[in-house]
Structures are given as structure tokens and as C-alpha cells.
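Secondary and tertiary structure notes
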Amino acid sequence: GQQVMQIPQYQHVQEGEDFTTYCNSSTTLSNIQWYKQRPGGHPVFLIQLVKSGEVKKQKRLTFQFGEAKKNSSLHITATQTTDVGTYFCAGKNSGGSNYKLTFGKGTLLTVNP
Amino acid sequence: DTAVSQTPKYLVTQMGNDKSIKCEQNLGHDTMYWYKQDSKKFLKIMFSYNNKELIINETVPNRFSPKSPDKAHLNLHINSLELGDSAVYFCASSHYLAGAYNEQFFGPGTRLTVL
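Heads up: these notes are all about the structure in this document. Fair warning: this is a prediction, and the values are worked out from it, not measured in the lab.

1. A word on the overall build of chain B
Within chain B, the secondary structure is distributed over 0 helices and 11 strands. Ordered by position from the N terminus, the helices and strands of chain B form the series β-β-β-β-β-β-β-β-β-β-β. For 115 residues, the compact-globule estimate of 2.2 N^0.38 gives 13 Å, and chain B sits close to it at 14 Å. With respect to the principal axes defined by its C-alpha atoms, chain B has extents near 45 × 30 × 30 Å. Carbon and sulfur atoms make up 51% of the accessible area of chain B, which amounts to about 5,800 Å² in all. Here chain B holds 12 positive side-chain charges and 11 negative ones, and the gap between their average locations is 6 Å.

2. Focus: the state of the cysteines
For the coordinates displayed, the defined rule picks out 2 disulfides over all chains. The disulfide bridge from Cys23(A) ends at Cys89(A), spanning 1.9 Å between sulfur atoms. The sign of the S-S torsion, about 75 degrees, decides the handedness of the disulfide formed by Cys23(A) and Cys89(A): right-handed. Taken together, the residues Cys23(A) in strand β3 (residues 19-25) and Cys89(A) in strand β9 (residues 85-93) connect sequence positions 66 residues apart. Here Cys23(B) engages in a disulfide with Cys91(B); their sulfurs sit 1.9 Å apart.

3. Remarks on the side chain of Thr79(A)
With respect to the element layout, Thr79(A) can be found in the loop between β8 (71-76) and β9. With sequence-adjacent residues up to four places away left out, Thr79(A) is seen in contact with Val13(A), Gln14(A), Glu15(A), Gly16(A), Glu17(A), Asp18(A), Phe19(A), Arg60(A), Leu109(A) and Val111(A).

4. A few points about the interface of chain A and chain B
Facing 18 residues of chain A, the contacting portion of chain B comprises 22 residues. The partner of Glu58(B) in a salt bridge is Lys100(A), and the shortest N-O contact between them spans 3.1 Å. On the surface where chain A and chain B come into contact, there are 5 residue pairs in polar contact (both at pLDDT 80 or more). Elements supplying a minimum of two residues to the side of chain A that touches chain B: β4 (29-37), β5 (44-49) and β9 of chain A. The element best represented in the side of chain A that touches chain B is β4(A), accounting for 3 residues.

5. Re the pattern of salt bridges
Residues and elements named next belong to chain B. Scanning all chains against the criterion turns up 5 salt bridges over all chains. Between Glu 82 and Arg 63 there is a salt bridge, and its shortest N-O distance comes to 3.5 Å. Within this pair, whereas Glu 82 is found in the loop between β8 (73-78) and β9 (87-94), its partner Arg 63 is found in the loop between β6 (53-57) and β7 (64-70), the two being separated by 19 residues in sequence. On the basis of relative accessibility, which here comes to 40%, the residue Glu 82 falls in the partly exposed class. The shortest N-O distance in the salt bridge between Arg 63 and Asp 85 comes to 2.8 Å. Linking Arg 63 in the loop between β6 and β7 with Asp 85 in the loop between β8 and β9, this pair joins segments that are 22 residues apart in sequence. Take Arg 63: its relative accessible area is 13%, and that puts it in the buried class. Salt bridges here are not isolated pairs; linked through shared partners, they connect Arg 63, Glu 82 and Asp 85.

Scoring rules and cut-offs
- Residues numbered from 1 in each chain as written.
- Chains lettered and ligands numbered in written order.
- Predicted model: local features only at pLDDT ≥ 70, side-chain atom pairs only at ≥ 80, totals over all residues.
- Heavy atoms only, no water.
- Helix = DSSP H or I, 4+ residues; strand = E, 2+ residues; numbered from the N terminus.
- Rg over C-alpha atoms; globule rule 2.2 N^0.38 Å.
- Areas by Shrake-Rupley, 256 points an atom, 1.4 Å probe, with all protein chains shown as cover.
- Lys, Arg positive; Asp, Glu negative; His and termini not counted.
- Charge placed at Lys NZ, Arg CZ, Asp CG, Glu CD.
- Disulfide = S-S within 2.5 Å.
- Contact = heavy atoms within 4.5 Å.
- Salt bridge = Lys/Arg side-chain N within 4 Å of Asp/Glu carboxyl O.
- Polar contact = N/O pair within 3.5 Å; in protein donor to acceptor, adjacent residues only side chain to side chain.
- Buried < 20%, exposed > 50% of the residue type's maximum accessible area, 1.4 Å probe, protein only.

Here it is in C-alpha cells:
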């Protein structure tokens with residue numbers, strides 16, 4: 001079945017440093033979504049990427065979708081303590097069910113003030 | 001107003017008991033989901049309903065039985081609870097449109113502890 005790998009599992013940074021998490025799928029994806037889960041909270045949707053090579057920005061966050069639609073990345077510039085949480089990528093298998101999202105295992109980001 | 005709500009928020013019970021978790025969404029979505037998040041934070045889809053019809057049924061013990069009385073509600077009943085069922089269970093909903101933007105909205109979660 002489809003697998004979505006996410007690295008690193010953990011990342012600790014000093015406030016102001018940059019952070020990147022990477023997502024790789026074993027199959028071609030129709031789209032990929034990113035979610036953020038604060039400690040003790042629930043996943044909250046950040047963005048969806050659909051097109052090959054797509055790049056989207058949300059303030060300090062930059063999201064990329066690979067040309068082959070099998071990988072994605074989330075980059076945070078100049079992290080702040082409010083960025084703390086687990087970042088999940090979630091992909092929809094191209095040609096598969098339109099309903100099923102397969103989540104990566106997430107990257108837990110901690111930020112030292 | 002809460003978009004996706006779950007009850008109860010916490011559930012502590014003994015092994016072997018039967019329990020239910022309820023979920024309601026007021027977003028007008030037609031698709032609802034149950035996810036299990038284990039202690040390592042891994043989010044795994046369990047079930048999904050679209051317009052009250054079961055469309056995703058992952059490899060889950062048949063002690064777990066979902067029920068969707070209408071599009072706005074999706075409940076999860078668990079029989080004969082086991083220690084390994086301890087986890088946070090998230091309900092989510094989305095609106096299905098072919099080829100369109102369909103982010104999932106998650107409820108606050110139900111933390112189930114089996115003793």
C-alpha cells in the first residue's frame with residue numbers, strides 16, 4: 001500500500017533559525033496537504049499543493065511539491081516559539097480513493113527561545 | 001461555534017468494557033472520518049463515511065464499529081476494549097468535490113485510556 005515517509009522525526013532549533021521537514025511518497029500523489037498539530041491539540045490544515053513543481057508561501061512558511069509529485073517540503077524561515085508543534089504531510093494517491101489521506105509520521109518541532 | 005465536536009473529551013475505562021465516542025460537525029460536509037493517533041503521534045485512518053455510506057474501512061479489528069445516522073454525525077463504538085486501544089481518537093470532516101480542494105477539519109479528539 002501507499003507509504004508516506006517524513007523526516008526528520010524531531011527537530012530542535014533556536015528561535016530565529018530555519019526549519020525544514022521533508023515528505024516522500026512511495027507512489028505518485030494527486031495532491032499533498034500539510035497540517036500542524038500543537039501539543040495537546042488537533043491537526044489543523046495549513047495548505048494543499050496540487051500541481052507538479054508547485055510552490056506556495058504563507059508568511060514565513062514555504063511549501064513545495066516535487067516535479068514528480070512524489071515528494072514535498074515545508075520550510076519555515078526564522079522560527080518563532082509559536083511554530084512549536086508537529087507538522088504532518090498527508091497525500092492522496094493518484095488514481096486511488098479521493099477520500100483517503102495517508103499521513104506521514106510527522107516532524108515534531110521544538111523551538112528554544 | 002465549534003465546527004467539529006467530539007464527546008467525551010476523556011474516557012477512562014477497564015479492559016473488556018464497551019464504549020462509544022460521538023462526533024458531530026456543523027460545517028455541512030458530506031464526508032466524515034475516524035483517525036487513531038497512538039502514543040508516537042502516528043495518525044492512522046480507520047473509517048470514512050460519505051453521505052452515510054461507508055467508503056473507507058481500513059484494517060481495524062471488528063470490535064470497532066462506526067455508525068453514521070446522518071451526514072452530520074459519525075459515532076464509533078468499541079467492544080471488548082483492550083490495552084492497545086488506548087490512544088487519541090480524532091473525528092474529521094471534509095466536503096468532497098471531484099478534483100477540488102477538500103481539506104479535513106479535525107475535532108478536538110477523545111483521549112481513551114484502557115486500564
